[in-house]
Amino acid sequence: MDMTFVTNLLLASVHMATPLIFLALAELYSQRAGLVHIGIEGLAAIGSLTGFLVSYISGSPMTGMFLGALMGILVNMIYAYATITLCAEQTVYGMIINIFALALASFIYRVYFGAGASLAQVNLMSTLSSALGITSDNFFVELLLDQTLMVYLAYGLVLFTAVYFNKTKSGLNYKAVGEYPKAAATLGINVIGVKYVASIICGALAGMGGAYLTTCYSTTYVDGNVAGRGFIALAAVIFGRWSAGGVLLACLFFGFCDALQIRLQISGSSMPYQFFQMIPYIATVAVLTLIGAKKAGPKGAGKPYRKEER
Amino acid sequence: MKHSGKLISVLVPLVSVMMAFVIGCAIIAILGASPVTALQALWTGAFGTARNISTTLSRATPLIFTSLCACFAYRCGVFNLGGEGQFMMGSIICCYIATRTGLTGLPAILLCLLAGAVFGGLWAMIPGILKVFRGQNEMIISIMLNYVASLFMSVIYTNWLRDGTVPQTAAVPDETRLTRIFGRATTGFLIALVVGALIYYFLFNTSMGFQLRAVGLNMTTAEYNGFAVKKYILLSFIVSGAIAGLGGSAELLGTQYRLISGFASGYGFDGVAMALIGQLHPLATMAVAIFFAALRVGSTAMQTATGVPTSVSDIIQALVIVFTVAGLAMVKLPSFKTALARLHMKKEAA
Amino acid sequence: MEELLRMEHITKRFGDVYANRDIDLEVRKGEVHTLLGENGAGKSTLMNVLFGLYQPTEGSIYLRGQKVRIDSPAQAVRLGIGMVHQHFMLVEAMTVFENIILGDKNTKGIFIDKEARKKEIVELSERYGLDVELDKPVTEIAVGAQQRVEILKALYRGAELLVLDEPSAALTDLEVEGLFRMMGKLKEEGKSVIFISHKMREVMRISDRITILRDGRTIRTLDREATTGEELADLMIGRELVPSQYVKVEQAGEPVIALREVDYHKTSKHNGLNGVTLTVGRGEVVGIAGVDGNGQSQLAQVVTGVIAPDAGSVDMKGSTVAQFTPNGFILENVSHIPEDRNKMGLVGDMSVKDNIVLKATGDPRFSAAKGFFLKKKAIRDHALAIQKKYDIRCASIDQEARNLSGGNQQKIILAREMESQPDLLVAVHPTRGLDIGAASFIHDVMIEARDRGCGVLLISADFDEILEVSDRIVVMFEGQVMGEFSGKEPPIDQISLAMAGK
């Protein structure tokens, strides 16, 4: 095994981890406000399509990214209204968002490009090194500079999230909503408001994670291009034990598994690469089994909050 | 007040379907086609000829299985979102038996169906056991296991049972395939109907089914009344998984014949949605599955007739689900109930 | 002294149940005002209205003479009202410090200025003698300390009026002294305290004035100096000694169930049992009296097999019970009217008919072929007969049980439990929230069962009910049996003392 294989693998891991970070943070913000969201996959799909379409039309991947986030918010408002205001079962409604958003994304693509049209392609967001005109094969230069703005944003967001939840007043209140909404309400925290804000953040991040796939990762859009990343993100939140740092490590680890399985797939190894793809899911089931139900995430997660209840 | 609960449970899905169609028609009109022509084509495509009807029923068959799977578990108060994985596990063992053991004909078919059910049930036991003994969230676990099953199936058709250069398994031999009874509809459809009828009978005409429903509606009361709550929960997982696994076998032997990328994709969540729209009534759930299959089959004809892409039908289906589940949540809200009660009082006063 | 708070004509209804009816309350500046009343008298509801958690159906609230609308706890906090709930509102995943500063709006800045906040909190805690360890997770501190955290939370938000909902219930004597010192200090500073309790000794010691609530209504407001504990107890219970209409049995039959030295979570005063020895014989009603939350729920769960005791033995009709499962006890012919009819007794989404036969669908009367064929006609006929016999008022037996009134719901449970001709009936708060008609019907059925030879264990926080139907009265306090008294001519003063733990 030579060095380039290792460095390439590491670089690829970082690439694969970036969309996961966005999606996992989306899940984290949602769960921290007590909303378990299994519809991240769908939000990412619609974000991905929007990002693709907008950058195809405008030629600007950045605009695509922005509108992808906006679309994520819009679709997530359906989830928010149903689960927060109507108190619908969160998991069920997350699943519905998956069905709906995937159908919507596929539909918009069909309508715009027509059935069976030749594969449309877009330009990807440029990396910092290419913007600066630096070309180097040095591993560290590549790792640190040959990245799109979104990669820096992803890591910045992780840092921000860690600080927000641990050091700020607002972050503390936010967490209280997910842990014990009634107690939060008695302290004058606007529980419903925080939950809606959470849904906006979640929608935006999930939309961005999806848009990343079509503005920074692949030049084409195909249905199902999110490929389970929304669920891996859910896994990453559980595996990372609901903390920003943990989520980052989980995403890097899952990104590494993903990069490894792609390498295996290409090299034609006899070891089925799918076993590596299974790791996030099996790891999550294992983690859940080991930590037990009591410590599994914010205590108020999954339960509807009703104002006046006797 | 007496029947308003039942009335609402029928009204919500009906209104949702109507709203979804109105939006669907608006989209069709915006795309420049005539909604009337499109709907006509949709209808003809799904039910216009005997052949089309048979296609619809054939497409409905796997959906009936996965929706019954979801329905049964829900009735016991547990959310089995793993129907897709259980369906796949059933089809995997079925594929192995049908293509590798050398068994053919009826014995092979019977063994395949049985093994499919057993494997589906075993796969569903994992979330069941974790729920009962570790108190874990069965929904998250069953979703994770869907992906494990799907990837495992991928190992099967790309490696272990791969046949030829394309990543797919060998086809089920002709003599092991399910008989076509009516156009494209096979005995698999009949099996689905029988399973649905059996579940219906079990839930509403046996003491065990009665207790299982009571567990699903109020676990504490069930426990206080001496019902073996944990046993019922585990049982509901296993039976629900077995239904899906049986469906996986029937789909492989009746329609698909080989495992290939995309096999059964989306069936699990679709099934859950259909069970919800069918209000967890097995017979209604089956009807909903056929309705959704019709929307899918008919959409091709609609595309041919009007040029509107088939995915309009997917949007309509998704909207039906979006509206129904939101509507059902809404009518459970205390404020909605109060408003309804007030309306009744006014009526009575008038 | 000047008036701080006035609540006028407060009415709060949940569905068709009145929790508060036309309540008046006036609290002055710098006083400890006690709300006295039994469980279900409406104290907590009234305080939740004051704190903006519930909206009153009718009535108005005045603070410092100004009419105010309190539509959220945030608003209450802004108005200077602080509340310590009976069930603590602490976020378990957080530290003491985080719990105190949660939702704080008084300080500027985005970040938590730990040092400055801690200094403030330490000052507060020293001033009122509320000693807490700020950096510990709240799950790791004792109940008494958790309560101090709750009080600090309120004071930290600048509460001028502090509501303490049964604060002494979970405290040791030493902690109660600390609590009283703190209340004294608040008074000195001109702040007011609303103190909710039913411990007479504490009430007499700390209060300036006392308002008594009963059945959701204000009975009277008294000055502490002008009253006695006996008067308060009489007003609280509202007892005008009406002799029981039932003939009391003095000699019970052979024991149906006998508990010997039963422990369950022994150290928990409020959710445990500590060395309980108790016998219920055939043909007698044993009434368990006591203030709610002194182990009665656990006692009910042990004698119906829901939980297994940690130590001690339970004999059922002469043989020792080895396995505690509800089904095992049902097979021993034990019937149970559980304390929460909606959560534990009924399947609300099922029909009246289904709830009547809930336990019995496997019975050959209602199904054939080992339960695989339900005899729907037989079930319907049975349900109709029961509906008539127990006078269950519903539009149809196919109506969902949740839509019935409380009394009719309770009759469904009663019918189901009595039709099996039980040897032991365990009835927990069987008439809570019911009107007089339904209540006396339920009492009649219990007495009938007794006369047939059934042993009845009645657990109730309603003292009148205990006096009315019990042949023998057992008082529980903090998980222990405090005494046993005859039900024929009950020594009320002694029973009252026992209920207070003396």
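No experiment lies behind these values; they were computed from the predicted model shown.

### A short note on the overall build of chain B
Assigned secondary structure in chain B consists of 14 helices and 2 strands. In terms of overall dimensions, chain B is globule-like: its C-alpha atoms have a radius of gyration of 21 Å, near the 20 Å expected for 350 residues. Taken along its principal axes, the extent of the C-alpha atoms in chain B is 75 × 60 × 30 Å. With an accessible surface of roughly 13,400 Å², chain B has 68% of that area assigned to carbon and sulfur atoms.

### Quick look at the overall build of chain A
Looking only at helices and strands, one finds 13 helices and 0 strands in chain A. Counting from the amino terminus, chain A carries its helices and strands in the arrangement α-α-α-α-α-α-α-α-α-α-α-α-α. In summary, chain A has a C-alpha radius of gyration of 20 Å against a globular reference of 19 Å for 310 residues, a match within 12%. Looking at chain A as a whole, 60% of its 310 residues are labelled buried. Put simply, of all contacts in chain A between residues at least 6 apart along the chain, 77% involve residues at least 24 apart. Charge-centre separation for chain A: the mean point of 17 positive side chains lies 17 Å from the mean point of 12 negative side chains.

### Examining the packing of helix α4 (residues 114-128) of chain C against helix α5 (residues 143-156) of chain C
Residue and element names in this part refer to chain C. Two elements in contact, α4 and α5, have axes separated by 10 Å at closest approach and are oriented at 110 degrees. What the angle tells us is that α4 and α5 run roughly perpendicular. For the pair α4 and α5, the crossing hand works out as right-handed. Of the residues in α5, those touching α4 at Arg-117, Glu-120, Ile-121, Leu-124, Ser-125 and Tyr-128 are Leu-152, Leu-155 and Tyr-156. Taken together, the residues of the contact of α4 with α5 sort by class into 6 nonpolar, 1 polar and 2 charged.

### Some thoughts on unusual backbone geometry
All names here are of chain C. If you check the backbone angles, His-265 has positive phi at about 40 degrees while not being a glycine. Within the secondary structure, His-265 is located in the loop between β11 (255-264) and β12 (273-281). In this structure His-265 comes out as partly exposed when scored by relative accessible area, which is 43%. For Lys-317, which is not glycine, the phi torsion reads 45 degrees and is therefore positive. Mapped onto the elements of the fold, Lys-317 is located in the loop between β14 (311-316) and β15 (319-320).

### Re the environment of Lys-191 of chain C
Residues and elements named next belong to chain C. By secondary structure assignment, the location of Lys-191 is in the loop between α6 (173-188) and β8 (192-197). C-alpha separation for the pair Lys-191 and Val-176, spaced 15 residues apart in sequence, amounts to 19 Å. Contact partners of Lys-191, with chain neighbours within four places excluded, come to Gly-30, Glu-31, Arg-127, Tyr-128, Ala-159, Glu-160 and Leu-186.

### Comments concerning the interface of chain C and chain B
At the junction of the two partners, chain C supplies 31 residues and chain B supplies 21 residues. Summing both sides of the interface, chain C and chain B together bury roughly 2,300 Å²; the carbon and sulfur share of this comes to 60%. Its largest share of buried area at the contact with chain B, chain C owes to Met-344, Met-350 and Phe-372 of chain C, together 21% of the area lost on that side. Here chain C and chain B share 0 salt bridges between them.

### Side note on the side chain of Glu-465 of chain C
Residue and element names in this part refer to chain C. Within the secondary structure, Glu-465 sits in helix α16 (residues 463-469). Buried Glu-465, no salt bridge; nearest opposite-charge side chain is Arg-432, N-O distance 8.0 Å. Of note is the side chain of Glu-465, whose polar atom sits 2.7 Å from the side chain of Ser-460. Ignoring any residue separated from it by four or fewer positions in sequence, one finds Glu-465 in contact with Pro-430, Thr-431, His-443, Leu-458 and Ser-460.

### Overview of the interface of chain B and chain A
Each partner contributes residues to the interface: chain B has 45 residues there, and chain A has 47 residues. Carbon and sulfur atoms supply 80% of the area that chain B and chain A bury against each other, a total of about 3,800 Å² over both sides. Where chain B meets chain A, there are 0 salt bridges. Remark: the boundary between chain B and chain A carries 6 residue pairs in polar contact (both at pLDDT 80 or more). Looking at the side of chain B that touches chain A, the elements with two or more residues in it are α5 (105-134), α6 (138-160), α11 (267-277) and α13 (311-332) of chain B. When residues of the side of chain B that touches chain A are assigned to their parent elements, the largest contribution, 15 residues, is made by α6 of chain B. Residue composition of the side of chain B that touches chain A, grouped by class: 35 nonpolar, 7 polar and 3 charged.

### Focus on the sheet that holds strand β10 (residues 217-223) of chain C
All names here are of chain C. Taking strand neighbours across the sheet as the criterion, the 6 strands line up as β6-β7-β8-β3-β9-β10 in an open arrangement whose pairing is mixed. With one partner strand each, in any of the chains shown, β6 (81-84) and β10 form the two edges of the open sheet. On average, adjacent strands in this sheet sit at an angle of 20 degrees to one another, irrespective of strand direction. By the bridge criterion, 5 bridges tie strand β7 (residues 161-165) to β8 in an arrangement that is parallel. Opposite Asp-165, over in β8, you have Ile-196 as the bridge partner. On the sheet, α5 packs against β6 and β7 and is oriented at approximately 170 degrees with respect to β6.

### As for the pairing of strand β1 (residues 3-14) of chain C
Residue and element names in this part refer to chain C. Bridge analysis of β1 against strand β2 (residues 17-28) gives 8 bridges, and the strand direction is antiparallel. When the bridges of β2 are listed, Arg-13 appears paired with Tyr-18. Counting the residues between successive antiparallel strands, the hairpin from β1 to β2 contains 2 residues, one of them, Gly-15, with a positive phi of roughly 60 degrees. Sheet analysis places β1 next to strand β4 (residues 58-63), joined by 5 bridges and oriented antiparallel. Looking at the pairing, Met-7 lines up with Ile-61 of β4.

### Remarks on the sheet that holds β1 of chain C
Residues and elements named next belong to chain C. The strand order β2-β1-β4-β5 describes an open sheet built from 4 strands, whose pairing is antiparallel. On the outer flanks of this sheet lie β2 and β5 (66-68), each paired with one strand and no other. Taking the axes of each pair of neighbouring strands and ignoring which way they run, one obtains an average angle of 25 degrees across the sheet. With respect to the sheet, helix α1 (residues 43-50) is in contact with β1, β2 and β4, its orientation differing from that of β1 by roughly 115 degrees.

### Side note on the environment of Val-280 of chain C
All names here are of chain C. Examined against the element boundaries, Val-280 turns out to sit in strand β12. Look at Val-280 and you get buried, because its relative accessible area is 1%. For the pair Val-280 and Leu-457, spaced 177 residues apart in the sequence, the C-alpha separation amounts to 6.9 Å. Those residues in contact with Val-280, other than ones at most four positions away along the chain, are Pro-255, Val-256, Ile-257, Val-286, Leu-424, Gly-455, Val-456, Leu-457 and Arg-472.

Definitions and cut-offs
- Residues numbered from 1 in each chain as written.
- Chains lettered and ligands numbered in written order.
- Predicted model: local features only at pLDDT ≥ 70, side-chain atom pairs only at ≥ 80, totals over all residues.
- Heavy atoms only, no water.
- Helix = DSSP H or I, 4+ residues; strand = E, 2+ residues; numbered from the N terminus.
- Rg over C-alpha atoms; globule rule 2.2 N^0.38 Å.
- Areas by Shrake-Rupley, 256 points an atom, 1.4 Å probe, with all protein chains shown as cover.
- Buried < 20%, exposed > 50% of the residue type's maximum accessible area, 1.4 Å probe, protein only.
- Contact = heavy atoms within 4.5 Å.
- Lys, Arg positive; Asp, Glu negative; His and termini not counted.
- Charge placed at Lys NZ, Arg CZ, Asp CG, Glu CD.
- Axes fitted to C-alpha atoms, helices over the stretch in contact; angles between N-to-C directions.
- Parallel < 35°, antiparallel > 145°, perpendicular 65-115°, else oblique.
- Left-handed = near helix turned anticlockwise from the far one by under 90°.
- Nonpolar A, V, L, I, M, F, W, Y, C, P; charged D, E, K, R; others polar.
- Buried area = accessible area lost by both parts, 1.4 Å probe.
- Salt bridge = Lys/Arg side-chain N within 4 Å of Asp/Glu carboxyl O.
- Polar contact = N/O pair within 3.5 Å; in protein donor to acceptor, adjacent residues only side chain to side chain.
- Pairing = 2+ DSSP bridges.

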